[in-house]
Every structure is written in C-alpha cells, then in structure tokens.
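Spelled out, the chains give:
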Amino acid sequence: MSMQQMPAQREQTRNKQAAPPPPTKGGGGAKVVVAMVVGLVLLGILLALLLIGAGFFKVGFDFERLGIARPFVEGFSTTLLLTLCSGLGSVLVGALLAVMAVSPIPVLVRASSLYVRLMRNVPLLVVFLFVVFGLPRLGVFLFQDNPRAQYFTLAVITMVSYTCAFVCEAIRSGFNTVPPGQAEAARAIGMNFTQTLGQVVLPQAFRAVVPPLGSTLIAMTKNTAIAGGFSVAEATSVSKPLVEQGYNVLIVFGIIAVGYLCITLPTSRVVAVFEKKAKVIR
Amino acid sequence: MSAQQVLFDAPGPKARRRNRIIEIASYAVFALVVASILYVFISKGELSAKKWNGVALAWRYLLSGLGNTLLASVLATVAAVVVAVVLTAGRLAEARAVRVVFTAIVEFFQGMPLVLMIFFFYFGFPRLIPALQPLISPLFALVAGLALYNGSVMSEVLRAGLDSLPKGQSEAAYAIGLQKGQALQYVLLPQAIRAMLPSLVAQLIVLVKDTALGYLVLYFELTRAADLIRSTYSLGFPLFPATIVVAVIFIILNEALHHLAGWLEGRQRNITENIETDAIVPTTVADHG
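Residues numbered from 1 in each chain as written. Chains lettered and ligands numbered in written order. Predicted model: local features only at pLDDT ≥ 70, side-chain atom pairs only at ≥ 80, totals over all residues. Heavy atoms only, no water.

### Here we look at the overall build of chain A
Note the cut-off: A helix here means a DSSP run of H or I that spans at least four residues, while a strand means a run of E at least two residues long, and both kinds are numbered starting from the N terminus. Only protein chains enter the area calculation, which uses a 1.4 Å probe; residues under 20% of their type maximum are buried, those over 50% are exposed, and those in between are partly exposed. Contacts between residues were defined by any pair of non-hydrogen atoms, one from each residue, lying within 4.5 Å. Computed with a 1.4 Å probe, the accessible areas rest on the Shrake-Rupley method; for each residue, only the protein chains presented here act as cover.
The helix and strand tally for chain A stands at ten helices and zero strands. A buried classification covers 41% of the 282 residues belonging to chain A. Partitioning the intrachain contacts of chain A with sequence separation of at least 6 by distance along the chain shows that 74% fall at a separation of at least 24. With the model as given, the accessible surface of chain A reaches about 15300 Å², and the carbon-plus-sulfur share is 68%.

### Some details on the state of the cysteines
All names here are of chain A. Formally: By disulfide we mean two sulfur atoms from cysteines, separated by a distance within 2.5 Å.
Counted according to the given criterion, the structure contains zero disulfides over all chains. Counting only cysteine sulfurs, C168 is the nearest neighbor of C164, a cysteine outside any disulfide, at a range of 7.8 Å. Here C164 falls in the buried class, since its relative accessible area comes to 1%.

### Topic: the nonpolar core
Our working rule: In this description, a nonpolar core means a group of buried Ala, Val, Leu, Ile, Met, Phe, Trp, Tyr and Cys residues linked to one another through side-chain atoms lying within 4.5 Å.
Residues F128 and I256 of chain A together with L213 of chain B are the most contacted members of the largest nonpolar core, which totals 114 residues. Looking at this core element by element, the count peaks at 15 residues for helix α6 (residues 147-176) of chain A. With residues up to four places along the chain from it excluded, the contact list for I256 of chain A reads F72, F76, A235, V238 and S239 of chain A together with L116 of chain B.

### Regarding the interface of chain B and chain A
The condition is simple: Accessible area that two parts lose when put together, with a 1.4 Å probe and added across both, is what the buried area reports. A pairing counts as a salt bridge when a side-chain nitrogen of Lys or Arg comes within 4 Å of a carboxyl oxygen of Asp or Glu. Pairing of N or O atoms within 3.5 Å defines a polar contact, subject to two protein rules: one partner must be a possible hydrogen donor and the other a possible acceptor, and residues neighboring in sequence count only if both atoms are side-chain atoms. Residue classes follow a fixed rule: Ala, Val, Leu, Ile, Met, Phe, Trp, Tyr, Cys and Pro count as nonpolar, while Asp, Glu, Lys and Arg count as charged, and any other residue, Gly among them, counts as polar.
The interface of chain B with chain A comprises 59 residues on the first partner and 64 residues on the second. For the pair chain B and chain A, the summed buried area comes to about 5700 Å², and 71% of that belongs to carbon and sulfur atoms. R117 of chain A serves as the salt-bridge partner of E255 of chain B, at 2.6 Å between the closest nitrogen and oxygen. Across the chain B-chain A interface, the total number found is nine residue pairs in polar contact (both at pLDDT 80 or more). Looking at the side of chain B that touches chain A, the elements with two or more residues in it are α1 (3-7), α2 (13-43), α5 (96-111), α6 (114-128), α10 (222-230) and α11 (239-271) of chain B. Looking at the side of chain B that touches chain A, the element that brings in the most residues is α11 of chain B, giving eleven residues. Looking at the side of chain B that touches chain A residue by residue, the classes come out as 33 nonpolar, 14 polar and twelve charged.

### Some details on helix α7 (residues 180-188) of chain A
Residue and element names in this part refer to chain A. Definition in use: An arc is given here, and it is the one of the directions from the helix axis to the C-beta atoms.
Listed in full, the buried residues belonging to α7 are P180, A183, A186 and R187. On an axial view of α7, the arc spanned by its buried residues comes to 125 degrees, and they lie on one face. Positive phi appears at G190, one or two residues downstream of α7, with a value of about 95 degrees.

### Section: the pattern of salt bridges
Residue and element names in this part refer to chain A. Summed over the entire model, instances satisfying the criterion amount to eleven salt bridges over all chains. Residue E74 is joined to R148 by a salt bridge in which the shortest nitrogen-to-oxygen separation is 3.3 Å. Residue E74 is found in helix α3 (residues 69-102), and its partner R148 is found in helix α6; the two are separated by 74 residues along the sequence. With a relative accessible area of 33%, R148 lands in the partly exposed category.

### Quick notes on the confidence of the model for chain A
We count it as follows: Confidence scores here are pLDDT values: one per residue, from the predictor, ranging 0 to 100.
Looking at chain A as a whole, the pLDDT averages 83, with 86% of positions reaching at least 70. Within chain A, the lowest mean pLDDT, 56, falls on helix α1 (residues 7-17) of chain A, and the highest, 92, falls on helix α4 (residues 106-121) of chain A.

### Points about the environment of V248 of chain B
Here V248 of chain B shows up in helix α11. The spacing of V248 of chain B and A56 of chain B is 192 residues in sequence and 14 Å in space, taken between C-alpha atoms.

### Re the packing of helix α10 (residues 249-277) of chain A against α6 of chain B
Operational definition: All axes here are fitted lines through C-alpha atoms, helices being fitted over the stretch that makes contact, and every angle between N-to-C directions spans 0 to 180 degrees. Any angle between 65 and 115 degrees counts as roughly perpendicular, while under 35 counts as roughly parallel, over 145 as roughly antiparallel, and the rest as oblique. Left-handed is the label given to a crossing in which the near helix is rotated counterclockwise from the far helix by less than a right angle, and right-handed is the label when the rotation is clockwise.
One way to put it is that α10 of chain A packs onto α6 of chain B with a least axis distance of 10 Å and a crossing angle of 165 degrees. Put simply, α10 of chain A runs roughly antiparallel to α6 of chain B. Once α10 of chain A is placed against α6 of chain B, the crossing between them reads as left-handed. Counted together, V249, L250, F253, I256, A257 and Y260 of chain A of α10 of chain A and L116, F119, F120, G124, R127 and L128 of chain B of α6 of chain B form the full contact between these two elements. Of the residues assigned to the contact of α10 of chain A with α6 of chain B, the class counts are ten nonpolar, one polar and one charged.

Following this line, the structure appears as structure tokens:
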C-alpha cells in the first residue's frame with residue numbers, strides 16, 4: 001500500500017515537499033539602510049580629509065611638518081576633490097541631457113545633440129579658456145576673497161560642462177542596448193510609463209550604462225590634470241616646481257604617476273568586474 | 001532600436017497636447033536663455049565689432065597656430081602608429097615575460113594623464129639626461145606624450161581587431177611556413193588595420209583635440225594663439241571672438257575627421273562579409289573625452 005498512493009495522497013506529499021520557505025525576517029531592509037549610513041559617514045570623513053588636505057579648511061595642523069610630502073598631499077587632495085565634485089556634477093547634468101535626448105520633444109533632442117557634438121569637437125582647453133577667462137569678463141564673480149576656491153569652482157564648472165556631454169552619450173548608449181521588445185511587452189501586459197521605466201527598462205539599461213560611464217569618469221579623472229594650468233594646485237602641477245627645485249625627476253614623476261594609477265586602475269578593475277557579472281546574455 | 005521606441009508608445013491625443021505644451025515651453029526657455037546670454041555679452045561689449053576686427057587683424061597668428069596644430073597632429077599620428085605596432089607586437093609575443101611587460105606598459109600609459117607625460121618630457125627629461133637638453137622643445141614633449149598615449153590606445157584597438165579576425169587566417173599563414181612576425185606583417189596586421197580604420201580615425205580626433213595641451217608647455221598652437229590674441233591691448237583684448245574662432249576651427253577639423261571615420265565605416269560594411277563582432281565597436285575607445 002505504501003508504494004501505490006492514491007492520486008490525492010500523492011498530491012499531498014508533493015505539496016508537503018514543496019512547502020514554501022518561511023518568510024525572511026525584516027532585517028533585510030535595515031541592513032541596506034545601515035550600509036548606506038556607514039557609506040555616507042565614510043564619504044563625509046573622506047570629504048573632510050580632502051578639504052583639509054587641499055587647504056580649503058584651516059585646521060590647527062601645521063602642514064610644514066609633512067615636509068616634502070606636503071605638495072603631494074595638497075595636490076592629490078585637490079585632484080580627488082576636483083574629481084568627486086566634477087563627477088557628481090557631470091553625472092547629474094549628463095543625466096538631464098540624456099533625458100532631453102530621449103524625450104519625444106524634437107527641440108530638446110536637437111538641443112541636447114547639438115551640445116554633445118559641440119563638446120566632442122572642442123578641446124577641453126578651449127572650454128577652460130572660455131570659462132576661466134570669460135566668466136569674470138561677463139561679470140560672474142565667485143569667491144572673490146578666496147582665490148583658491150574661485151579657481152577651483154571655475155575648474156569644476158568647466159569639467160562639468162565638458163564631461164556631461166560624454167556622460168549623456170554613455171547613458172544614451174546604455175538605453176539603446178535595451179531591445180524595444182522589452183518595453184512593448186511591458187506595455188502589452190498593461191504597465192504604465194512609470195512601471196515600464198522603473199521595473200523593466202532602467203534595470204537593464206543600468207547594467208549597460210556602467211562600463212562606458214566608468215570609462216568616461218576615468219577619462220575625466222585624467223583630464224583634471226589640465227586644471228593645473230589654470231591656477232588649481234592639483235597633482236600634476238606640483239611636478240614642475242619640485243623638479244625645478246632640484247628633486248629627483250624620476251621619483252617626483254614616479255610618485256605622481258603611481259598616485260594617478262592608484263585612482264584609475266582600481267576603478268577600471270571594478271568596472272570590468274561589474275561588467276562581467278552584469279553581462280546580459282541575449 | 002531607438003530609445004524613443006523603448007520608452008514611449010505612439011502618443012495619443014492627450015500625450016500629443018502635453019508634448020506640444022512642453023515643446024512651446026522649451027522654445028520659450030531656450031529663447032530666454034539665449035537672449036539673456038547675448039544681452040550679457042553685448043552689454044559688456046565682448047562681441048563688439050572692434051574686437052572682431054582685432055581678431056581679423058591677427059589672422060597671421062591664427063594661421064601660424066593652425067599650422068603648428070596640424071604639424072603636431074601629423075607628427076604625433078605617425079609616431080603613435082609606430083608605437084602602436086611595437087606595443088601590439090610585444091603584447092602578442094611568444095614569451096610570457098615579454099607579454100606581461102608590454103601589457104604593464106600599455107596599462108601604465110593608459111592610466112596616467114596625458115598632461116603628466118607631456119610635463120615629464122618637457123620638464124623632466126632635460127634634467128634627467130642633460131645631453132639631450134637642446135633637443136627638447138615643446139613640440140618634442142607634446143609629440144612624445146601624444147605618441148605614447150595614443151599609441152597605447154591604438155595598440156588596444158589593434159589587438160581587438162586582431163582578435164576579431166577569423167582564426168583561419170593565422171592558421172593558414174603558419175601552415176604555409178610564415179613565422180609569427182611575418183604572419184603579422186603580411187597577413188594579419190593589414191586586415192586588422194583595415195578593419196579598425198574607423199576606430200583609428202576616431203582616435204585621430206582625440207589626438208587633434210589633445211594637441212591643444214601644447215598650451216601648457218607654451219607650444220604655439222591654436223589655443224596659445226587665441227591666448228596671445230586675447231591678451232593684446234592693441235587688438236582690444238578680444239577674448240570671446242578669438243576663442244569662438246578657435247573653437248569653430250576645431251569643430252570644422254574634427255567634424256571632417258568624424259565624417260571620414262563614418263565614410264570608412266560605411267565602406268567597411270560594404271566590403272567585409274564578416275558581421276561586426278562586439279570587439280569592433282568604434283565608439284567605445286575614442287569617445288570618452
């Protein structure tokens with residue numbers, strides 16, 4: 001009798017074996033919140049350190065005690081600060097440009113594509129000339145009493161204006177990898193615009209956006225070196241006075257090069273790992 | 001596969017009305033922004049005829065700057081191609097140690113800012129090897145930096161191109177007795193270069209834009225010329241006209257190169273029967289600023 005169960009009994013055993021797992025405890029959401037808070041605190045500490053290192057906040061720490069390391073600390077703090085500020089700004093503005101580029105309104109599409117073409121063809125140095133020398137001429141005066149902040153802000157404005165075009169291109173290329181069939185299927189099962197975007201299109205687009213976006217941000221990090229020519233005391237510009245003071249050329253440039261590599265190489269590795277993990281096999 | 005198809009269904013009457021409203025509002029906003037910008041420019045006298053005249057008077061400087069830009073671009077392109085071929089050959093070497101070293105070199109040159117390399121050649125090299133001091137000019141530093149950086153990027157492009165060739169090509173080359181170097185030279189590289197030509201031309205655009213970095217080492221190219229013109233009293237300190245003219249020249253140059261790349265890509269698609277693999281994506285390498 002044990003081997004030949006009635007269909008109803010078989011159904012019952014099958015259901016018992018396939019019992020649903022117990023619901024997860026509510027700790028999942030809390031963990032994410034804790035992680036975000038910790039991340040924000042760490043970011044805040046990093047920002048404070050960078051601001052102090054770059055000389056924007058005066059604390060009691062006597063920088064001369066660092067000796068020869070002082071220009072490097074100052075330089076790299078400024079570079080990192082410049083990268084963070086420009087990166088944030090250009091991603092925000094670039095996202096706005098991308099939204100304009102995919103909207104159904106021809107004016108916005110044309111305006112966005114015109115701006116992107118402009119920034120693709122014009123060198124960053126020309127944009128620097130426009131902003132750093134041009135804005136004061138037009139009457140835009142920022143931080144008149146603090147020249148360091150003034151030139152830093154002008155550099156951030158320039159880099160954001162230039163890089164946002166490339167961020168927009170990266171985001172647009174990410175959108176274009178999502179097959180239109182996805183959205184059509186979402187609409188076919190009755191999702192409205194917000195649902196289609198949030199639950200179907202954006203998650204897929206996000207995966208495709210990260211690699212080109214990462215490359216753009218790495219290129220932007222390297223472009224911050226140009227700000228050194230416009231009164232921003234960042235990492236590359238410390239090389240000239242140090243070498244002229246007689247310090248060993250290879251060591252000076254070596255340290256700066258290693259510093260930049262420490263920023264760019266891990267970022268490109270992280271992006272490559274993400275790309276491999278998030279690859280969508282179609 | 002346009003983004004609009006992905007996001008929006010064909011608009012119905014309500015959506016069309018809403019789009020119309022947003023369109024009109026956008027036109028209004030843009031008109032307002034452009035008008036206010038022009039107002040600021042003109043009220044400060046930055047676009048006055050006197051300043052434009054100033055730029056026109058200085059046309060010799062602009063021409064000289066343009067010539068120097070083109071000179072640096074051509075020299076750097078030739079040098080970059082040489083560097084690219086050398087680096088690619090090194091990366092595909094038989095000996096693992098050689099491969100590792102060359103891969104490290106390529107990663108090194110790609111991870112550093114171009115400005116740093118140019119500074120190294122201009123400020124560092126003369127002190128490092130005093131005998132070479134009279135040889136080091138801004139042009140040398142600029143071309144050396146550009147060649148090393150763009151050469152390593154091009155070597156990556158070439159490597160992608162070589163990877164995308166059908167395996168049968170290299171197998172056939174070895175089957176008829178060619179050695180590795182000969183196979184590369186006579187069979188593989190010509191095909192790879194032809195396949196990667198659009199991507200390489202796109203890299204040229206980056207190279208032309210980066211000649212502007214000569215500004216930082218006082219090489220008299222276009223942006224230096226604009227800088228000189230803008231700070232001249234007798235021309236009326238024409239900052240904006242000079243910068244606008246230089247920007248337009250760069251736009252014309254780079255758009256021409258862009259169209260060349262597009263034409264090459266179109267020709268490629270007609271000639272080759274191979275479907276372009278993921279490796280040959282002309283936009284990823286060059287378009288990151």
